[in-house]
Amino acid sequence: MSAKILNGSELAKSIKENIKKEVEELKKQGIFPGLAVIIVGNDPASRLYVDFKKKDCAEVGIESFEFALDEKTTEEELIKLIQQLNIDSKISAILVQLPLPAHLNEERVINAINPDKDADCFHPFNVGRLMTGNPLFLPCTPAGIIELLEANEIEIAGKECVVVGRSNIVGKPLAILLLSKNGTVTVCHSKTKNLDEVCRRADILVVAAGKPELIKGNAIKPGAVVIDVGVNRLEGKKLVGDVEFSTASEVASAITRVTGGVGPMTRAMLLKNTVKAAEILDIKNKKAYN
Ligand code: NDP
């Protein structure tokens, strides 16, 4: 069997076209979405991601404001900047590029972001809202995966969904979203016993472990849908996912590639959150003046 490729690039492109129209409409109403992107230090991968995000914003007419801070920036300085952005009317949403240098406490930094401007949906207030089924924003990677499944008419309700990875960014919030769509969800991690056996139960298998080609075709149920979140650069610079594509694509009915799959969807969801944040800010401003 040769699996259908779930094309995130194509879908993200059409989502971005819609966002662009939405942004044009908002601007006519005097609402100007603006995303603040904070990067601390010189990590090349972080720099690349920030550049992508700025380019995406420009494509859809969202203004982005970059704050590139020195590697030695203190937590106090960083939090002070966030507090200024929290009350800056030009800034609808704030994103702190992770990981931060080791001397900075990511949790304290994230907690400093105004939850109404939480572009990544990492703030505990927004995580709580997600947990209780009333989300303000959706976390970008998990939301992108759900949109990719739904756009390809892959039913989640009643399906056995296995998520490999339990990070706060991908695995855990994705499990909550799949559950909210009535999937039957199992979450695996580094202490899971018989991982392959658990994966073989999945109708929908999502792998976000950050381990090159951890899951091979023999751990996939014939006909399953496989979403590979992992992005791993091997020593020879080759990019591979957390799933061995060559063997998995022989067994799965549909699968994402390491590029053009989840990544572009994640980026599109960030734009969605920024637009939503601009609308929230506008509503709150109007309330404050009335
Ligand atoms: P983390 O390192 O934060 O979490 C990895 C998770 O995988 C942990 O829960 C860990 O378990 C689990 N894990 C690690 N090894 C194994 C194993 N051998 N068997 C089972 N579970 C294992 O990673 P992230 O969630 O942030 O990211 C995961 C991958 O997704 C990375 O490659 C990252 O680059 C990529 N990514 C891609 C995005 C995109 O848009 N394409 C967005 C975000 C991430 P434990 O908790 O027990 O340690």
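## A word on the domain arrangement of the protein chain
Under the domain assignment used here, the protein chain contains domain 1 (30–114) and domain 2 (140–263). Averaged C-alpha coordinates put domain 1 and domain 2 at centres separated by 29 Å.

## What to know about the site of the ligand
Around the ligand there are 20 residues in total, and Arg166, Ser167, His189, Ser190 and Thr266 lie nearest to it. At a separation of 3.4 Å, a nitrogen atom of the ligand approaches a polar backbone atom of histidine 189. A distance of 2.5 Å is found between an oxygen atom of the ligand and a side-chain nitrogen or oxygen belonging to serine 190. Burial of the ligand by the protein chains amounts to 70% of its free accessible area of 930 Å². Here the residues of the shell around the ligand are counted per class, giving eight nonpolar, ten polar and two charged.

## Concerning the sheet that holds strand β4 (residues 93–96)
The three strands are arranged β3-β2-β4 in an open sheet whose pairing can be described as parallel. A strand with exactly one partner marks an edge of an open sheet, and here the two such strands are β3 (63–69) and β4. Taken over all neighbouring pairs, the strand axes of this sheet differ in orientation by 15° on average, direction set aside. In the sheet, strand β2 (residues 34–40) pairs with β4 via four bridges, with the strands oriented parallel. Pairing of leucine 35 across the sheet is with alanine 93, part of β4.

## Concerning the pairing of β2
The two faces of the sheet receive side chains in turn, since in a regular strand these alternate between them. The element β2 is extensively covered by neighbouring structure, given that seven of its seven residues are classed as buried. Of the two faces of β2, the one carrying Gly34, Ala36, Ile38 and Val40 and the one carrying Leu35, Val37 and Ile39 are both buried. The sheet contact formed by β2 and β3 spans seven bridges and is parallel. Along β3, the bridge assignment pairs alanine 36 with phenylalanine 65. In this fold, β2 hands off to helix α2 (residues 44–60), which returns the chain to β3; that crossover is right-handed.

## Things to note about the nonpolar core
One finds Leu35, Leu149 and Ile227 to be the most contacted residues of the largest nonpolar core, which totals 53 residues. Of the residues forming this core, the biggest block, ten residues, is contributed by helix α10 (residues 262–289). When residues of this core are assigned to domains, at least three map to each of domain 1 (30–114) and domain 2 (140–263). In contact with leucine 149, other than residues within four places in its own chain, are Ile154, Ile156, Leu178, Ile204, Val225 and Ile227. Formed by 20 residues, the second largest nonpolar core is a distinct cluster that contains Ala3, Cys188, Ala202 and Ala219.

About the criteria used
Residues numbered from 1 in each chain as written. Predicted model: local features only at pLDDT ≥ 70, side-chain atom pairs only at ≥ 80, totals over all residues. Heavy atoms only, no water. Domains from an automatic or database assignment. Near = heavy atom within 4 Å. Polar contact = N/O pair within 3.5 Å; in protein donor to acceptor, adjacent residues only side chain to side chain. Areas by Shrake-Rupley, 256 points an atom, 1.4 Å probe, with all protein chains shown as cover. Nonpolar A, V, L, I, M, F, W, Y, C, P; charged D, E, K, R; others polar. Pairing = 2+ DSSP bridges. Helix = DSSP H or I, 4+ residues; strand = E, 2+ residues; numbered from the N terminus. Axes fitted to C-alpha atoms, helices over the stretch in contact; angles between N-to-C directions. Buried < 20%, exposed > 50% of the residue type's maximum accessible area, 1.4 Å probe, protein only. Right-handed = clockwise from strand over helix to strand, strands pointing away. Core = buried A, V, L, I, M, F, W, Y, C linked by side-chain atoms within 4.5 Å. Contact = heavy atoms within 4.5 Å.

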